[in-house]
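Per-entry structural report
One-letter residues, chain by chain:
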Amino acid sequence: MTELVTFGETMALFAARRTGPLRFARDFDLGLGGAESNVAIGVARLGHACRWIGRVGADEFGDLIRSTLAGEGVDVRALPDEAATGLMIKGRRTADHIDVSYYRQGSAGSRLTPADLDPELIRDARVLHLTAITPALSASCRESVRHAVTVARAAGVTVSLDINYRRALWPPDEAGAWLRDVIGQVDVLFATEAEGRLITADDPRPADGGVDPAELARALGAFGPRHVLVKLGSQGAVEWSGGRLLRAEPYRVTEVDPVGAGDGFAAGWLADWLAGAAPERRLGTACAAGAFAVTSQGDWESLPRRDDLRLLERGGDGVSR
């Protein structure tokens, strides 16, 4: 039985090795990246059966996506498309600032349709995981998300949504309207503070003018989700579940590449939810997985396995013998 099914666009990823303007880069590392497939890899590494569905080009990059995801233990349903696989280019302008550019308009991944999603594959899963990236790619992708949510709800499958807002894909007012329309059908919601404010109209704020993440989580929960996770980066995270508020402190690691931290967080939480872990433990695992994600170059390469989680709990000199 597949425990988690997800779909979306996965792209070939070129990451410049040299820091500075991208035009001076001469060497690149080739990999892949996509929010949904990152989560599938993360959940699979933590011991659960996952399936990823998407369209890829009949090109070397499409073959890379197929083979890499399969090698990570993800059941891959990569549908061939006459359009090219999308590209992501990552450059490090300074030691502390990463620029990410996408070349995905009209790509194979953006041509996903509801007909590509076999309803039985969704009905057989325990969790359908989505992001708000997919509906921003095209009209057919937006229809695909609607179709999948409808099938999952009818079958009693838990629906998980990580907002993952991308300003380059759609403006905040359009994204907010879509999110407010769909959030009532979502069981688990992942959001940063800024993403949460796309949905809420009143932006709960304490006296000092900042956003109170606890109040934001409660406000988002009022829209319908049973579990709301507000990611606070270096400040940890807040979870609102069934009227109960939980807080988790961050893990201190040396950050190398921040991209993919949110996907790692979602993967950690979902994996422990699938395992039936206690709320405090699943939130801790989410923070740990998000911390691991930033410790090396790449969107998913550092996502942990179960044994890796113990490394953040150990003291000592940092050497495993």
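Source: prediction; values computed, not measured. (Residues numbered from 1 in each chain as written. Predicted model: local features only at pLDDT ≥ 70, side-chain atom pairs only at ≥ 80, totals over all residues. Heavy atoms only, no water.)

For the rest of this paragraph, the subject is the overall build of the chain. Counting its regular elements, the chain contains ten helices and 13 strands. Its C-alpha atoms give the chain a radius of gyration of 19 Å, within 12% of the compact-globule value 20 Å for 321 residues. Dimensions of the chain along its principal axes, counting C-alpha atoms only, are 50 × 50 × 40 Å. Split into buried and exposed, the 321 residues of the chain put 55% on the buried side. In the chain, once contacts between residues fewer than 6 apart in sequence are set aside, the share between residues at least 24 apart is 69%. Element-wise, carbon and sulfur atoms account for 49% of the exposed surface of the chain, whose accessible area totals about 13,900 Å². Taken as two groups, the 37 positive and 44 negative side-chain charges of the chain have centres that lie 2 Å from each other. (Helix = DSSP H or I, 4+ residues; strand = E, 2+ residues; numbered from the N terminus. Rg over C-alpha atoms; globule rule 2.2 N^0.38 Å. Buried < 20%, exposed > 50% of the residue type's maximum accessible area, 1.4 Å probe, protein only. Contact = heavy atoms within 4.5 Å. Areas by Shrake-Rupley, 256 points an atom, 1.4 Å probe, with all protein chains shown as cover. Lys, Arg positive; Asp, Glu negative; His and termini not counted. Charge placed at Lys NZ, Arg CZ, Asp CG, Glu CD.)

To continue, consider the sheet that holds strand 7 (residues 97-103). The strand order across the open sheet formed by four strands is 3-2-6-7, and the pairing between neighbours is mixed. Every other strand in the sheet has two partners, leaving strand 3 (28-33) and strand 7 as the edge strands with one partner each. Across the sheet, the mean angle from the axis of one strand to that of its neighbour is 25°, orientation sign disregarded. As defined by bridge partners, strand 6 (residues 87-94) adjoins strand 7 across seven bridges and the pair is classed as antiparallel. Bridging from a neighbouring strand, M88 pairs with Y102 of strand 7. The sheet strands contacting helix 2 (residues 60-71) are strand 2 (11-19), strand 3 and strand 6, and the helix crosses strand 3 at an angle near 65°. (Pairing = 2+ DSSP bridges. Axes fitted to C-alpha atoms, helices over the stretch in contact; angles between N-to-C directions.)

Within helix 5 (residues 172-182), the full set of buried residues consists of A175, G176, W178, L179 and V182. Down the axis of helix 5, the smallest arc covering the buried residues is 165°, so these residues share one side. Where helix 5 is buried, its residues meet helix 4 (139-155), strand 9 (158-162) and helix 6 (193-199). (Arc of directions from axis to C-beta.)

Along the chain, E3 turns up in the segment before strand 1 (4-7). On the basis of relative accessibility, which here comes to 16%, the residue E3 falls in the buried class. Of the polar contacts made by the side chain of E3, one reaches the side chain of H48; its length is 3.0 Å. Beyond its immediate stretch of four places on either side in the chain, E3 contacts G47, H48, A49, A125, R126, V127 and L274. (Polar contact = N/O pair within 3.5 Å; in protein donor to acceptor, adjacent residues only side chain to side chain.)

If you look at the biggest cluster of nonpolar residues, it comprises 46 residues, and the most contacted ones within it are F7, L128, L130, I163, L179 and L189. At six residues, helix 4 tops the list of elements feeding residues into this core. One finds V39, A248, A267 and W273 within the second-largest nonpolar core, a separate group that totals 39 residues. (Core = buried A, V, L, I, M, F, W, Y, C linked by side-chain atoms within 4.5 Å.)

So, about unusual backbone geometry. Even without being a glycine, N164 presents a positive backbone phi close to 50°. Looking at the element boundaries, N164 is found in the loop between strand 9 and helix 5.

Bringing the packing of helix 8 (residues 261-274) against helix 9 (residues 279-293) into the picture now. Between helix 8 and helix 9, the least distance of the axes is 7 Å, while the angle of their chain directions is 150°. Relative to helix 9, the element helix 8 lies roughly antiparallel. Read as a crossing pair, helix 8 and helix 9 show a hand that is right-handed. Residues A261, G264, F265, G268, W269, D272 and W273 of helix 8 lie in contact with helix 9, whose contacting residues are R281, R282, L283, T285, A286, C287, A289, G290 and A293. Partitioned by chemical class, the residues of the contact of helix 8 with helix 9 number nine nonpolar, four polar and three charged. (Parallel < 35°, antiparallel > 145°, perpendicular 65-115°, else oblique. Left-handed = near helix turned anticlockwise from the far one by under 90°. Nonpolar A, V, L, I, M, F, W, Y, C, P; charged D, E, K, R; others polar.)

Time to look at the packing of aromatic side chains. Going through the model one piece at a time under the given rule, you end up with five aromatic pairs. Relative to F61, the ring of F14 lies with its centre 5.7 Å away and its plane at 85°, an arrangement referred to as edge-to-face. With F14 in strand 2 and F61 in helix 2, the pair connects residues that are 47 residues apart, well separated along the chain. For F14, a relative accessible area of 22% puts it in the partly exposed group. (Phe/Tyr/Trp six-rings, centres within 6.5 Å; stacked < 30°, edge-to-face > 60°.)

The next subject is the sheet that holds strand 11 (residues 227-231). Taking strand neighbours across the sheet as the criterion, the nine strands line up as 5-4-1-8-9-10-11-12-13 in an open arrangement whose pairing is mixed. Each edge of the open sheet carries a strand with a single partner, namely strand 5 (75-81) and strand 13 (244-248). The sheet shows a mean angle of 15° between the axes of neighbouring strands, direction not considered. As paired strands, strand 1 and strand 8 (residues 127-131) are joined by three bridges and run parallel to one another. Bridging from a neighbouring strand, L4 pairs with V127 of strand 8. Packed onto the sheet, helix 1 (residues 35-45) meets strand 1, strand 4 (50-57) and strand 8 and runs at close to 145° relative to strand 4. Helix 8 rests against strand 1, strand 8, strand 9, strand 10 (188-192), strand 11 and strand 12 (237-241) of the sheet, and its axis sits at about 150° to strand 11.

On to helix 2. Compared with the 16 Å implied by 1.5 Å per residue over twelve residues, the 16 Å span of helix 2 between its first and last C-alpha is a close match. Within helix 2, the full set of buried residues consists of G62, I65, T68 and L69. Viewed end-on, helix 2 has its buried residues packed into an arc of 140°, placing them on one side of the element. Of the residues in helix 2, the exposed ones pointing more than 90 degrees away from the buried face are E60 and G71. At its buried positions, helix 2 is contacted by strand 2, strand 3, helix 1, strand 4 and strand 5. Of the residues trailing helix 2, G73 is marked for its positive phi of about 85°. (Expected span 1.5 Å × (residues − 1).)

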